[in-house]
Amino acid sequence: MRLSELTTLRLGGPAARYLEATSEPAVIDAVTDADRAGEPLLVLAGGSNVVVADEGFPGTVVRIATRGIARAGAALEVAAGEPWDPLVAECVAGGLAGVECLAGIPGAVGATPIQNVGAYGQEVAETISAVRVLDRADGAVRTLTPAECGFTYRSSAFKREPGRWVVLAVSFALDTSEGSAPIRYPELARALGVDVGARAPLADVREAVLALRRAKGMVLDPDDPDTVSAGSFFTNPVLDSGAFAALRARAAERLGPNAPPPAWPDADGHVKTSAAWLIERAGFHRGHGNPDGIAISGKHTLALTNRGAGTTAELVALAREIAGGVQDAFGVALVPEPVFVGPRW
């Protein structure tokens, strides 16, 4: 099995051994057997947020293909292998609010707590009530609370301790409502024709989010080469006040006083800024790269795409070129969002 067949980037060489697990016990057995044998192990589900080496993976690849959604009122327990976007659609159709702004995101449910998936003002951590996991440190199955998951911006305890935890199921506490959660993201509010902080019908929010994502090449479409990507390749930098002041000074020197970097202050004094803004002002534009291989998306500066003949080595080289250009221009280090399997960042 070539792992390019299992990733949205369509990159990655062969697996030494490949297993597909369709039940939770099968997942546990496959992982436990590999660990007992001392084999390298890679756990995949939707393959939407992973960069796999051209050489492939020299061990066992377990693809989680579990299914199952249990609903009790506004609470859900969802198997890790369930596709994410259909779950959002089901929530919207069933009058459950809290994930409607996360429509169109590829991948499986089990990956969402690892990355603390977020978009258009929502984060999945806001609705997760528990995560059932296999702890590879001792082979125990545990149910972790949100606090134990250690959620932060686009990160979690799962991401900070790679390889330790295997997500088996995710529980969500949603709201029974035909109206959305308050709209926090100005671009989405404009698309809906409402004020920031207002609510809108769930179905309208989902459709507006899908339209915005499609315009950026962020909804998987076999007819759109801009969607052959891992989504946003870099996270938006979160800077302390001193680092953001230094960025503003560098931006004023480079671009003039009337082009300040975007700023979204946090309550703790940190400031989030835009990775796309930094990339574009550092001189990297849509389509930059190899038109037949790896290039920046023609629709969104944050997405690196495989135009058909790309390699993982080419992808990493372009990502490093972009990050190096931003560092040189603005003194800000960009952090990749996908998980790297094989290639080093």
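Everything quoted here is computed from the prediction, not taken from an experiment.

On to the nonpolar core, then. Leu76, Trp84, Leu87, Val131, Phe172 and Leu188 are the most contacted members of the largest nonpolar core, which has 57 residues in total. Setting aside chain neighbours within four positions, we find Val131 in contact with Pro113, Arg142, Thr143, Leu144, Cys149, Phe158, Val167, Ala169 and Val170. The next biggest cluster of nonpolar side chains, apart from the first, holds 34 residues, and it includes Leu239, Ile279, Ile322 and Val326.

In any sheet, the strands associate via hydrogen bonds between backbone groups, in a parallel or an antiparallel arrangement. In space, the 3 strands of this open sheet follow the order 14-19-18, with antiparallel pairing throughout. Taken across any chain shown, the strands that pair with only one partner, and hence form the sheet edges, are strand 14 (229-232) and strand 18 (294-296). Across this sheet, the average inter-strand angle for adjacent strands is 20 degrees, counted without regard to direction. Here strand 14 runs beside strand 19 (residues 303-306); their pairing, made up of 2 bridges, is antiparallel. Considered in strand 19, the bridge of Ser229 is made with Thr305. Helix 10 (residues 312-330) rests against strand 18 and strand 19 of the sheet, and its axis sits at about 35 degrees to strand 18.

This next bit is on the pairing of strand 6 (residues 75-79). Both strand 5 (residues 69-72) and strand 6 contribute to a ladder of 4 bridges, which runs antiparallel. Residue pairing in the sheet places Ala70 in a bridge with Glu77 of strand 6. Across 5 bridges, the pairing between strand 6 and strand 12 (residues 165-173) is antiparallel. Bridge pairing in strand 12 links Ala79 to Ala169.

This next bit is on the packing of aromatic side chains. As enumerated under the stated definition, the model contains 8 aromatic pairs in all. For the pair Tyr120 and Tyr185, a centre-to-centre distance of 5.2 Å together with 80 degrees between the ring planes defines the contact as edge-to-face. With Tyr120 in the loop between strand 8 (118-119) and strand 9 (122-123) and Tyr185 in the loop between strand 13 (175-176) and helix 6 (186-192), this pair connects stretches of sequence that are 65 residues apart. The partly exposed category is assigned to Tyr185, whose relative accessible area is 33%. Ring centres of Trp277 and Phe330 lie 5.7 Å apart, and the angle between their planes is 45 degrees; on these two criteria the pair is classed as tilted. Here the residue Trp277 occupies a position in helix 9 (residues 275-281), and Phe330 occupies one in helix 10, the gap between them amounting to 53 residues. Trp277 sits in the buried class, given a relative accessible area of 9%.

Right, let's talk about the pattern of salt bridges for a bit. Tallied over the entire structure, the rule returns 17 salt bridges. Across the salt bridge formed by Lys299 and Asp224, the nearest N and O atoms sit 3.0 Å from each other. With Lys299 in the loop between strand 18 and strand 19 and Asp224 in the loop between helix 7 (202-215) and strand 14, this residue pair connects regions lying 75 residues apart in the sequence.

Moving on, we get to the pairing of strand 12. With 8 of 9 residues buried, strand 12 lies mostly within the body of the structure. Across 7 bridges, strand 10 (residues 128-135) lies against strand 12 in antiparallel orientation. Bridge pairing in strand 12 links Ile128 to Phe172.

Rules behind the numbers
- Residues numbered from 1 in each chain as written.
- Predicted model: local features only at pLDDT ≥ 70, side-chain atom pairs only at ≥ 80, totals over all residues.
- Heavy atoms only, no water.
- Core = buried A, V, L, I, M, F, W, Y, C linked by side-chain atoms within 4.5 Å.
- Buried < 20%, exposed > 50% of the residue type's maximum accessible area, 1.4 Å probe, protein only.
- Contact = heavy atoms within 4.5 Å.
- Pairing = 2+ DSSP bridges.
- Helix = DSSP H or I, 4+ residues; strand = E, 2+ residues; numbered from the N terminus.
- Axes fitted to C-alpha atoms, helices over the stretch in contact; angles between N-to-C directions.
- Phe/Tyr/Trp six-rings, centres within 6.5 Å; stacked < 30°, edge-to-face > 60°.
- Salt bridge = Lys/Arg side-chain N within 4 Å of Asp/Glu carboxyl O.

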